[in-house]
Amino acid sequence: MVVDTDDLLTSFDRKQNAFNVNPVADLHTHTLASDGTLSASDLVALAVRYGVNLLALTDHDELDGCREAATVAQSHGIAFINGVEISVTWQARTIHIVGLNVDTTSLPLQQGLAKNRTFRDWRAEEMGRRLAKQGIVGGYEAAAAMAMGRIVSRTHFAKFLVSGGYASDLREVFKHYLKPNKPGYVAGEWATLEAAVGWIREADGIAVIAHPARYNLSATKLRLLLQQFIAAGGEAIEVVSSSHNSDDILHFADVAKRYQLLASVGSDFHDPNYHWNGMGRLPPLPATCEPIWSRW
Ligand code: AMP
Ligand code: MN
Ligand code: MN
Ligand code: MN
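Residues numbered from 1 in each chain as written. Chains lettered and ligands numbered in written order. Predicted model: local features only at pLDDT ≥ 70, side-chain atom pairs only at ≥ 80, totals over all residues. Heavy atoms only, no water.

(A) Here's a closer look at the overall build of the protein chain. Counting secondary structure elements, the protein chain contains 11 helices and 7 strands. On C-alpha atoms alone, the protein chain measures out to a radius of gyration of 18 Å, which is about the 19 Å that the 2.2 N^0.38 rule sets for 296 residues. Considered along the principal axes of its C-alpha atoms, the protein chain spans approximately 60 × 50 × 35 Å. Counting all 296 residues of the protein chain, 53% fall into the buried class. Of the contacts made within the protein chain by residues no fewer than 6 positions apart, 74% connect residues no fewer than 24 positions apart. Total accessible area on the protein chain is roughly 13,500 Å²; 48% of this is exposed by carbon and sulfur atoms. Separation between the mean location of the 27 positive side-chain charges and that of the 32 negative ones in the protein chain comes to 7 Å. (Helix = DSSP H or I, 4+ residues; strand = E, 2+ residues; numbered from the N terminus. Rg over C-alpha atoms; globule rule 2.2 N^0.38 Å. Buried < 20%, exposed > 50% of the residue type's maximum accessible area, 1.4 Å probe, protein only. Contact = heavy atoms within 4.5 Å. Areas by Shrake-Rupley, 256 points an atom, 1.4 Å probe, with all protein chains shown as cover. Lys, Arg positive; Asp, Glu negative; His and termini not counted. Charge placed at Lys NZ, Arg CZ, Asp CG, Glu CD.)

Put into C-alpha cells, the structure is as follows:
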C-alpha cells in the first residue's frame, strides 16, 4: 500500500480517531532524533506492544522523526500525534514546553527550533571545553559521534562520562557534572517562553508544560510560570508523567483544574533499558482532569 505521508502530517483526523473510551495515551516520547535510543519505527512498535493506542513523538527541538513515526503508527492502526519538546529559558532556569498536534511544515516552528539547535551546537562545544578544563578530554567528540549528526544532548555527554568511569550511572553523572553549578553545565540561552508557545500556536498545536514537578518551583514561581504561560497562549500541563509520584499527580491535577488547563499524559520515554521507561504503564488521569485528547 502506498501511504501518502503528507496526508498523515496534517492535523489529527477527528472522525477516524475519536475515542469512545479513554485511550492508552503516551504523549511524551523520544527517539534517536534527539536523546532517545530507538528509531521512530522501533519506538512505535514498542508503544504498540505496551498497548499504547494514542502516541505522540516529542523529540527535543526536533521534528525529524514524526514523518516515519506517523507512517508506522498508521500501519499498526494506532493514533499518532506530531509533537516536539522545546527547551525554554525562563527566570534563569530551563523549562520544557511540549507542543502537541503541531503542523510540522510550519515555518515559524521550524525556524524557532533551528535557532534552539544552533545554541545546542555551540553549547555542546562549550561543554567539551569546560570538561577539558577539568581534565576530561574528548567529551564533545564522543557526544557528537554518539548523536550521529543529530542534536547533541547532555544525555550524550552523560553516557560518555559513565563509560569513562566518572560516575556509576546517568543520575549520578548529571548530579556531579551536568547540572547547574557543576563543571560541565552551560547555562541556557534557549527560546523564551513566549516565543516557544508562539511557535506552537502558529503551527496550530497545543502548548503543554512538561513534567512540572521536575523544576522544584516554589508556589510563587509556579504561579508566575502558569500566568505567563497562559498569557502567551499555553493551554495544557502534564499531570501524569514518569517524573511524577502520586502526590505530584494530585497536585498538578488540582493546578490544571484551577487554571483551566487541559491535562496531558507522557512517559518521557527515552530508552527501553532505563528506569524512566513508563510506557503503557502510567497511572490514569484523575477524573477531575479534562484530557488533552478531548480536543482531538
Ligand atoms: P539537554 O536538553 O541537552 O539539556 O538534556 C536534557 C536531557 O537530559 C533531559 O531531556 C533528560 O533526557 C536528560 N536528563 C536530565 N536530567 C537527568 C537525570 N538526572 N538523569 C538522567 N537523565 C537526565
Ligand atoms: Mn531527554
Ligand atoms: Mn523534558
Ligand atoms: Mn522529554
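(B) Here's a closer look at the coordination of the manganese ion (ligand 2). Donor atoms from the polypeptide that bind the manganese ion (ligand 2) are D35 (OD), D35 (OD), H60 (NE2) and H270 (NE2), placed at 2.2 to 2.8 Å. On the primary sequence, the residues serving as donors to the manganese ion (ligand 2) are separated as D-x24-H-x209-H. For the pair the manganese ion (ligand 2) and the manganese ion (ligand 3), the metal-to-metal distance amounts to 5.6 Å. One end of the pair, D35, is in the loop between β1 (25-26) and α3 (40-49); the other, H270, is in the segment after β7 (262-266), and 235 residues separate them in sequence. On the accessibility criterion, D35 (6% relative accessible area) is buried. (Donors = N, O, S within 2.8 Å, 3.2 Å for Na, K, Ca; no water.)

(C) Layout of the coordination of the manganese ion (ligand 4). Ligation of the manganese ion (ligand 4) by protein atoms is provided by H28 (NE2), H30 (NE2), E85 (OE) and D268 (OD), these donors lying 2.1 to 2.2 Å from the ion. Each donor residue of the manganese ion (ligand 4) belongs to the same chain, and together they define the spacing H-x1-H-x54-E-x182-D.

(D) Molecular detail of helix α5 (residues 107-133). Along its 27 residues, α5 runs 39 Å from first to last C-alpha, staying within 8% of the 39 Å computed at 1.5 Å per residue. Where α5 terminates, the next one or two residues include G135, which has phi positive at roughly 90°. (Expected span 1.5 Å × (residues − 1).)

(E) Expanded view of α3. Inspection of α3 places A40, L43, V44, L46 and A47 among the buried residues, and these make up the whole buried set. Buried residues in α3, looked at end-on, bunch into an arc of 165°, giving them a common side. Of the surrounding secondary structure, the elements contacted by the buried residues of α3 are β2 (54-57) and α4 (66-76). Immediately beyond the C-terminal end of α3, within one or two residues, lies G51, with a positive phi of roughly 85°. (Arc of directions from axis to C-beta.)

(F) Broad picture of the environment of A70. Structurally, the position occupied by A70 is in helix α4. Residues A70 and A40, spaced 30 residues apart in sequence, show a C-alpha to C-alpha distance of 8.8 Å.

(G) Region of the structure containing the packing of aromatic side chains. This structure, assessed with the given rule, holds 3 aromatic pairs. The interplanar angle of 85° and the centroid separation of 4.7 Å between the aromatic rings of F119 and W190 together place this pair among those described as edge-to-face. Of this pair, F119 sits in helix α5 while W190 sits in the loop between α8 (170-178) and α9 (193-202), and the two are 71 residues apart along the sequence. The same class applies to F119 and to W190, which are both buried. By the ring-pair criterion, three or more aromatic residues cluster together here, those being F119, W122 and W190. (Phe/Tyr/Trp six-rings, centres within 6.5 Å; stacked < 30°, edge-to-face > 60°.)

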